[in-house]
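Next come the chains, spelled out residue by residue.
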Amino acid sequence: MLPAVIALLMLLSCTSGQKPAIQVILTNKGLQYGKHTGTGLVQEKLENITLPDISGEINIKIGKVHYTLSGIAVKQCDLPEPSVQFFQDATGFKTSSSGLNVALAGEWRTRFGAIHDGGSFDMVMFGVDVTSVVELGKAPDGHLSITSISCDALVGDVNIHFHGGASFIFQPFVHYFKGRIRNEIESGICSAVHGSVDKLERHLQAMNVSFDVNEVLSLDLPLTDIPLIDASRLNLGLKGEFYSIRSHKEPPFKAQPFTMPEQPDYMLAVGLSDFTLNSASYGYYSDGLLQIVINDSMIPSISPIRLNTTSMGVFIPQLPKKFPGLLMSLQVYAREAPMFSFQPGAAKLSSQVDVKAFAIEPNGTQVPLFKLSVLSNYSLKNVFLLSFSFTVTLAASEVGDFKVNAMCSEMYFCVSDKLGKGWILPRMKHAQLVNSVLKMEEGFLAVSSDVEVLLTDRFN
């Protein structure tokens, strides 16, 4: 059941002391879902494994008999529902399973002096109890780490029946070496637990904590500190910072601490601070990508206004007189990186853009006409557009004063249409979110959700 629990963290899965911009929380409800999902996975795996050989010797008074039990495979497994809980003492999980009954089968070989014999056997283990504790931590490079720190296994009883060969001779002596077999199995169970955790640790360390989102941005998601665990939830703090792949510049602002609300009715909660979105914005800005040159061919064909001096003469009467019949171009660029901010129940986006207009002479020379400064503010409430406003001022003009309000809407439509690009974030490969709820808080966006693990596409 443990791999499924860790899988929930990996599906969402720097410098110590840095404030996390993203928080991922696994609640007790999510932990118990992982337990139920993991029970089926464990049962399936148990029924497809072969245990290590067991060898030893027994003294039957007339001499020593050397024996080997090999090819031990699980034939049937009665796996009771385990218990799993957050374990604060080890910053991890404690898993217990009691009353496990397992039916096994294999082959036996014996050597008594020069006499060799063999056959098959059936074995049943009754009342197997297993308790294990794993600790979560942070590797130096920010990977989530997992370590098996304790395992206790107790086999209540073992029954063995030999078949074939001279098994009728050895069957009466089963009680002499049953304890040895019980000890071997108990040791083997914990070896398997430690091995599974070690395999999971190698998988965690092989995961990327930084990856390219598109051709412009990369996203860093290492842990910022060790995981935090209390009796009801596990909290992972992630760096959550976008960078320009080309320049990799740090933004001139820092992630601010925030506290995720309790959401015990959901399996997972993810908190995304406005720092993460603003770092993406700054990545585009620092790479010089928040700019564009717009010409008349890029204006929607349905627009009654064209980007030439004649058409723009409706707004600037003196323009076609000074520059008759010329095409125009607009150089649009952000003065600063657009900034997002989250507030209770709402999100805001503000941007400062300059628009330089040019007339294009027949020889291709671009003649500056005027410069506009545009301050825009978007407000959204529960992901629906609540309000939009912008202020345009004439910053400079080579054609004299004119009123900018009349042409603001048309020009801003063109600018927004050309700059309105986004990116697609990676989707979870092995799970999907269900019953999700989005809530905006001061400085961050919180998403609470249940999770449905896709059992047809499991972790191996």
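Coordinates for the structure precede this section.
Reading the values: the criteria
Residues numbered from 1 in each chain as written. Predicted model: local features only at pLDDT ≥ 70, side-chain atom pairs only at ≥ 80, totals over all residues. Heavy atoms only, no water. Buried < 20%, exposed > 50% of the residue type's maximum accessible area, 1.4 Å probe, protein only. Helix = DSSP H or I, 4+ residues; strand = E, 2+ residues; numbered from the N terminus. Pairing = 2+ DSSP bridges. Salt bridge = Lys/Arg side-chain N within 4 Å of Asp/Glu carboxyl O. Contact = heavy atoms within 4.5 Å. Axes fitted to C-alpha atoms, helices over the stretch in contact; angles between N-to-C directions. Polar contact = N/O pair within 3.5 Å; in protein donor to acceptor, adjacent residues only side chain to side chain. Core = buried A, V, L, I, M, F, W, Y, C linked by side-chain atoms within 4.5 Å. Phe/Tyr/Trp six-rings, centres within 6.5 Å; stacked < 30°, edge-to-face > 60°.

(A) Spatial organisation of the pairing of strand E23 (residues 444-453). Most of E23 is tucked away: 8 of the 10 residues are buried. As judged from the 6 bridges shared by strand E15 (residues 268-273) and E23, these two strands associate in the antiparallel manner. Bridge pairing in E23 places Leu 268 opposite Ser 449. Pairing of strand E22 (residues 431-441) with E23, which is carried by 9 bridges, proceeds in the antiparallel orientation. Across the sheet, Val 437 pairs through a bridge with Ser 448, a residue of E23. Counting the residues between successive antiparallel strands, the hairpin from E22 to E23 contains 2 residues, one of them, Gly 443, with a positive phi of roughly 90°.

(B) Spotlight on unusual backbone geometry. Backbone geometry at His 248 places phi at a positive 50°, although glycine is not the residue there. With respect to the helices, strands and loops of the structure, His 248 is situated in the loop between strand E14 (241-244) and E15. Phi is positive for Asn 435, which is not a glycine, with a value near 55°. Relative to the helices and strands, Asn 435 resides in strand E22.

(C) Molecular detail of the pattern of salt bridges. All told, the structure shown has 11 salt bridges when counted by the stated rule. Asp 450 serves as the salt-bridge partner of Lys 29, at 3.3 Å between the closest nitrogen and oxygen. Taken together, the residues Lys 29 in helix H2 (residues 28-46) and Asp 450 in strand E23 connect sequence positions 421 residues apart. For Asp 450, a relative accessible area of 8% translates into the label buried. Here Lys 439 makes a salt bridge to Glu 441, at a shortest N to O gap of 3.6 Å. Looking at Glu 441, the relative accessible area reads 18%, which means it is buried.

(D) Molecular detail of the environment of Val 209. Inspection of the secondary structure assignment puts Val 209 in the loop between helix H4 (174-206) and strand E10 (210-212). Between the C-alpha atom of Val 209 and that of Gly 240, which follows or precedes it by 31 residues, the distance is 9.9 Å. Beyond its immediate chain neighbours, meaning those up to four positions away, Val 209 contacts Asp 141, Gly 142, His 143, Leu 219, Asp 220, Leu 221 and Pro 222.

(E) Up close: the sheet that holds strand E1 (residues 22-27). Overall, antiparallel pairing links the 6 strands, which are arranged E12-E13-E1-E15-E23-E22 in an open sheet. The open sheet is flanked by strand E12 (228-229) and E22, the only strands paired with a single partner. Sheet contacts for helix H5 (residues 274-286): E1, E15 and E23; angle to E15, the most-contacted strand, approximately 50°.

(F) Inspection of the side chain of Thr 309 at higher detail. Mapped onto the elements, Thr 309 comes out in helix H6 (residues 309-312). Only 2.7 Å separates the side chain of Thr 309 from the backbone oxygen of Phe 323, close enough to count as a polar contact. Discounting chain neighbours no more than four positions away, the residues touching Thr 309 are Leu 319, Pro 320, Phe 323, Pro 324, Gly 325, Leu 326 and Met 328.

(G) Here's a closer look at the sheet that holds strand E11 (residues 217-220). Here we have 3 strands laid out as an open sheet, ordered E10-E11-E14, and antiparallel in their pairing. Both edges of this open sheet fall to E10 and E14, since each of them pairs with a single strand only. Adjacent strand axes in the sheet meet at a mean angle of 25°, parallel and antiparallel pairs treated alike. Here E11 pairs with E14 via 4 bridges, running antiparallel. Looking across to E14, one finds that Leu 219 is bridged to Phe 242.

(H) Region of the structure containing the nonpolar core. In terms of nonpolar packing, the biggest core is built from 33 residues, with Leu 69, Met 123 and Ile 160 touching the most fellow members. Of all the secondary structure elements, the ones that give two or more residues to this core are strand E3 (54-59), strand E4 (64-78), strand E6 (92-112), strand E7 (115-138), strand E8 (144-154), strand E9 (157-163) and H4. Among the elements that make up this core, the one with the highest residue count is H4 (7 residues). Beyond its immediate stretch of four places on either side in the chain, Ile 160 contacts Phe 121, Asp 122, Met 123, Gln 171, Val 174, Phe 177 and Ile 181.

(I) Molecular detail of the packing of aromatic side chains. On inspection of all chains with the given rule, the structure shows 8 aromatic pairs. Ring geometry for Tyr 282 versus Tyr 285: centroids 6.3 Å apart, planes at 45°, classification tilted. Of the two residues, Tyr 282 and Tyr 285 are both situated in helix H5; the distance of 3 residues between them amounts to about one turn of the helix. For Tyr 285, a relative accessible area of 29% corresponds to the partly exposed category. Look at Phe 370 and Phe 402: their rings are 5.1 Å apart centre to centre, the planes differ by 70°, and that puts the pair in the edge-to-face class. With a gap of 32 residues between them, Phe 370 in strand E20 (residues 366-381) and Phe 402 in the loop between strand E21 (384-397) and helix H8 (405-419) connect regions that are remote in the sequence. There is no split in this pair, since Phe 370 and Phe 402 are both buried. In this structure an aromatic cluster arises from ring pairing among Phe 253, Phe 275, Tyr 282 and Tyr 285.

The values are spatial; any link to function lies outside them.
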